[in-house]
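Structural description and commentary
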Amino acid sequence: MIAQKAKEITPFIVMEVLEKAAEMEQQGINVIHLEVGEPDFNVPKCVSVAEQKAFDEGRTHYTHSLGDPELRKQIAEKYKEEYNVSVSPGQIIVTSGSSPAILLTLGVLCDAGDEVIISDPGYACYENFIRFIGAKAIKVPVYEEDGFQYRYEEIKSALPTEHAQ
Ligand SMILES: Cc1ncc(COP(=O)(O)O)c(C=O)c1O
């Protein structure tokens, strides 16, 4: 029995297009991929070597629930070096991609019925993430001439009156 909230998730068209493209490639058709936003390079050599080393050393078990402590320490150092932002390893959670991180964040911040502002146009999955956790997506238009950044007045008019000051 599928839960109602799962049934309400609308298809992420990109994956359907990707599957169709894969079928066409199987038939020998040359496909130019414009559907998924993926890097056009493979995993760097140093990453695949480190992965192989971790497998060889049997580092294939549960880690700390927030992610490997050494990795979180390195991420904290990277933030300091690259953005001059101080984040402690305890503030970092490692997830497999941004989708689980977004879902976790929404789950922590939103109660049922809460409203979440998202840009229109925007990434197609955000609305589904928000609906899945029982909150409501409020779409705020963004415009090409602003580099798709939010306009103050548009955000203000999307807020409930008690917050719109
Ligand atoms: C704007 C935006 N947010 C989130 C995601 C999801 O990323 P991930 O594959 O890391 O879950 C994507 C993927 O294309 C994206 O373009």
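The rules behind these values
In every chain, residue numbers begin from 1 and rise along the written sequence. Where local features are concerned, this predicted model is filtered to residues with pLDDT of at least 70; where side-chain atom pairs are given and counted, the filter is 80 or more; whole-chain, interface and lining totals use all residues. Side-chain numbers come from the whole structure's heavy atoms, not from hydrogens or water. Nearness is defined per residue: one heavy atom within 4 Å of the molecule or strand is enough. In protein, a polar contact means a hydrogen-donor-capable atom and an acceptor-capable atom, both N or O and within 3.5 Å, with residues adjacent in sequence counting only if both atoms are side-chain atoms; elsewhere, any N or O pair within 3.5 Å suffices. Surface accessibility follows the Shrake-Rupley procedure with a 1.4 Å probe radius. Residue values consider only the protein chains on display as shielding. Each residue gets one of three labels, nonpolar for Ala, Val, Leu, Ile, Met, Phe, Trp, Tyr, Cys and Pro, charged for Asp, Glu, Lys and Arg, and polar for the others, Gly among them. The helix and strand labels rest on DSSP assignments: H or I over at least four residues marks a helix, E over at least two residues marks a strand, and numbering proceeds from the N terminus. Under the convention used throughout, the expected extent of a helix is 1.5 Å for every residue step, that is, one less than its residue count. Among buried residues, the Ala, Val, Leu, Ile, Met, Phe, Trp, Tyr and Cys ones that are joined through side-chain atoms within 4.5 Å form a nonpolar core. Working definition: with a 1.4 Å probe on protein chains only, accessible area under 20% of the residue-type maximum means buried, over 50% means exposed, and in between means partly exposed. We call two residues in contact when some of their heavy atoms are within 4.5 Å. Boundary definitions for the domains trace back to an automatic or database domain assignment. Any Lys or Arg side-chain nitrogen found within 4 Å of a carboxyl oxygen on Asp or Glu counts as a salt bridge. Geometry is summarised by axes, namely lines fitted to C-alpha atoms with helices restricted to the contacting stretch, and by angles between N-to-C directions that run from 0 to 180 degrees. Throughout, the term roughly parallel applies to angles under 35 degrees, roughly antiparallel to angles over 145, roughly perpendicular to angles from 65 to 115, and oblique to all others. Each crossing gets its handedness from the near helix: less than a right angle anticlockwise from the far helix is left-handed, clockwise is right-handed.

**A short note on the site of the ligand**
- Taken together, Gly97, Ser98, Ser99, Tyr123 and Tyr126 form the complete shell of residues around the ligand.
- Ser99 is positioned such that a nitrogen or oxygen atom in its side chain is 2.5 Å from an oxygen atom of the ligand.
- Between Tyr126 and the ligand, the recorded distance is 2.8 Å, taken from a side-chain N or O atom to a nitrogen atom.
- In the complex, the protein chains occlude 53% of the 400 Å² of accessible area that the ligand would expose alone.
- Residue composition of the shell around the ligand, grouped by class: two nonpolar, three polar and no charged.

**So, helix 3 (residues 45-56)**
- Taking 1.5 Å per residue as the helical rise, helix 3 with its twelve residues ought to reach 16 Å, and the 16 Å between its terminal C-alpha atoms agrees with that figure.
- Of the residues trailing helix 3, Gly58 is marked for its positive phi of about 75°.

**Here's the deal with the nonpolar core**
- Core analysis: the biggest nonpolar cluster contains eight residues, these being Leu106, Cys110, Val116, Ile118, Cys125, Phe129, Ile130 and Ala135.
- In terms of residue count, the dominant contributor to this core is helix 6 (residues 125-132) (three residues).
- Excluding anything up to four places from it in sequence, Cys110 contacts Val116, Ile133 and Ala135.

**Some details on the domain arrangement of the chain**
- Segmenting the chain into domains produces domain 1 (1-41) and domain 2 (110-165).
- Placing the centre of domain 1 and that of domain 2 at their C-alpha centroids yields a distance of 26 Å.
- Contacts between the two partners involve six residues from domain 1 and, on the opposite side, six residues from domain 2.
- Where domain 1 touches domain 2, the interface holds zero salt bridges.
- If you look at where domain 1 meets domain 2, you find two residue pairs in polar contact (both at pLDDT 80 or more).
- Taken together, the residues of the side of domain 1 that touches domain 2 sort by class into three nonpolar, one polar and two charged.

**Quick notes on the packing of helix 5 (residues 98-109) against helix 6**
- The N-to-C vectors of helix 5 and helix 6 enclose an angle of 40°; their axes lie 9 Å apart at closest approach. Taken together, the axes of helix 5 and helix 6 are oblique relative to one another. As for the relative orientation of helix 5 and helix 6, their crossing is right-handed in sense. Of the residues in helix 6, those touching helix 5 at Ser99, Ile102, Leu103 and Leu106 are Tyr126, Phe129 and Ile130.
- Class assignment for the residues of the contact of helix 5 with helix 6 results in six nonpolar, one polar and no charged.

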